[in-house]
Amino acid sequence: MAAAKLITISCVASVFLIFFIKSSNAASYNVITFGAKPDGRTDSTQSFLRAWAVACRSAQASSIVVPKGRYLIKNAVFRGPCKSRITVQISGTIVAPNDYRALGKSDRWILFIEVDRLSIIGGTLDGKGAGFWACRKSGRNCPVGTRSITINSANNVIVSGLTSINSQLSHLVISSCNNVIVRNVKFIAPAESPNTDGIHVESSTGVTITGGTIQTGDDCISVGRGTRNLHMSNIKCGPGHGVSIGSLGKDLNEDGVENVTLTNSVFTGSDNGVRIKSWARPSRSFNSGVKISQVTYRNIQGTSATPKAVAFDCSSSNPCRGIKLQDIKLTYMNKAATSTCKNIGGTISGVIMPRSCL
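The following refers to the structure shown.

Basis of the calculations
- Residues numbered from 1 in each chain as written.
- Predicted model: local features only at pLDDT ≥ 70, side-chain atom pairs only at ≥ 80, totals over all residues.
- Heavy atoms only, no water.
- Pairing = 2+ DSSP bridges.
- Helix = DSSP H or I, 4+ residues; strand = E, 2+ residues; numbered from the N terminus.
- Axes fitted to C-alpha atoms, helices over the stretch in contact; angles between N-to-C directions.
- Contact = heavy atoms within 4.5 Å.
- Buried < 20%, exposed > 50% of the residue type's maximum accessible area, 1.4 Å probe, protein only.
- Polar contact = N/O pair within 3.5 Å; in protein donor to acceptor, adjacent residues only side chain to side chain.

## A few points about the sheet that holds strand E6 (residues 76–79)
Alright, step 1. Pairing within the open sheet is parallel, and its eight strands lie in the order E6-E9-E12-E15-E18-E21-E24-E27. In the strand order of this sheet, the two ends are held by E6 and strand E27 (274–278), each with one partner. Pairs of neighbouring strands in the sheet enclose a mean axial angle of 15°, with direction left out of account.
Alright, step 2. Two elements, strand E15 (residues 172–175) and strand E18 (residues 199–202), share four bridges in a ladder whose sense is parallel. The residue bridging Val173 from the neighbouring strand is His200, located in E18.
Alright, step 3. Its contacts with the sheet place helix H1 (residues 45–57) against E6 and strand E9 (108–113), and it is angled at close to 0° to E6.

Spelled out as structure tokens, the structure:
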């Protein structure tokens, strides 16, 4: 049975000291040398893959250099394991095809899989998602859509200074990974774009996300099953749906979520702040099978998008337990907001606005 516990959401100052050491004798591979064209029209997919293959075979640390310019890339899988550390240094923009159908039935545009000691530094990804969104809105028969960049089954990864715009679906997916640092990223899509989560994390341990600006119209960060030891800080979120854990409990036997922390973050124009979502399944008499416990909300202040600023609607079969509210100050249009509670137990301390229903 899935569980969500040991979650802290607060505004307490946090400091992350990150040391990135670049080897002075790293080999360097420029994608233009392998035939890539920085004109935004010539398909450079195979050139990027050839550069990757050489770097992956290198016994010494290596860098793949993407100079300034625009590089057209179709579906690309950068597969490991590789012999040494690889840094992908992007100064230009990697663009998807104008025709969203050119990416076919794959749900991934750029995939890094089974790669350890990977760094992706700088650059911009342009997913050209508008055509795909229009297809979905029209109700036509559309492809499944692609996530701009997926990192799967990888360890010791750094993503730093990356910009992603107009992804068809999620901008960055981290799945089945350990020890990932995402810092100073900027992910942007129109407020009305569908299912364009900024960062989705699932089945991963030891992920740190810090210093990001995420304005994607959907979840800024979504946390899926099997996520443990996730630390988020200094996030500028919105417009969108806020930061969400879940939806959890869709499957009968599903790994839970543990030790998730969000600090020092600002939500602007988001229709939610922080939320935990779970499925109500027919097999459970339309109650959630997710056990939610030991969740702390601390030092949260601002204005609510709706008159109801706080809502706990927990399962009758698995009530929420160990919920802590401390120093919450939320209003609605300069007036008192409201709160609702169902099937929940916990404690309050400090000033609580709106008046607590715990």
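## Considerations on the environment of Ser222
Alright, step 1. Of note, Ser222 is situated in strand E21 (residues 221–223).
Alright, step 2. Since its relative accessible area comes to 2%, Ser222 is described here as buried.
Alright, step 3. Separated by 23 residues in the primary sequence, Ser222 and Ile245 place their C-alpha atoms 5.8 Å from one another.
Alright, step 4. If near-sequence neighbours (up to four positions away) are discounted, Ser222 is found in contact with Asp197, Ile199, His200, Val201 and Ser244.
Alright, step 5. Among the polar contacts listed, one links the side chain of Ser222 to the side chain of His200, at a separation of 2.7 Å.

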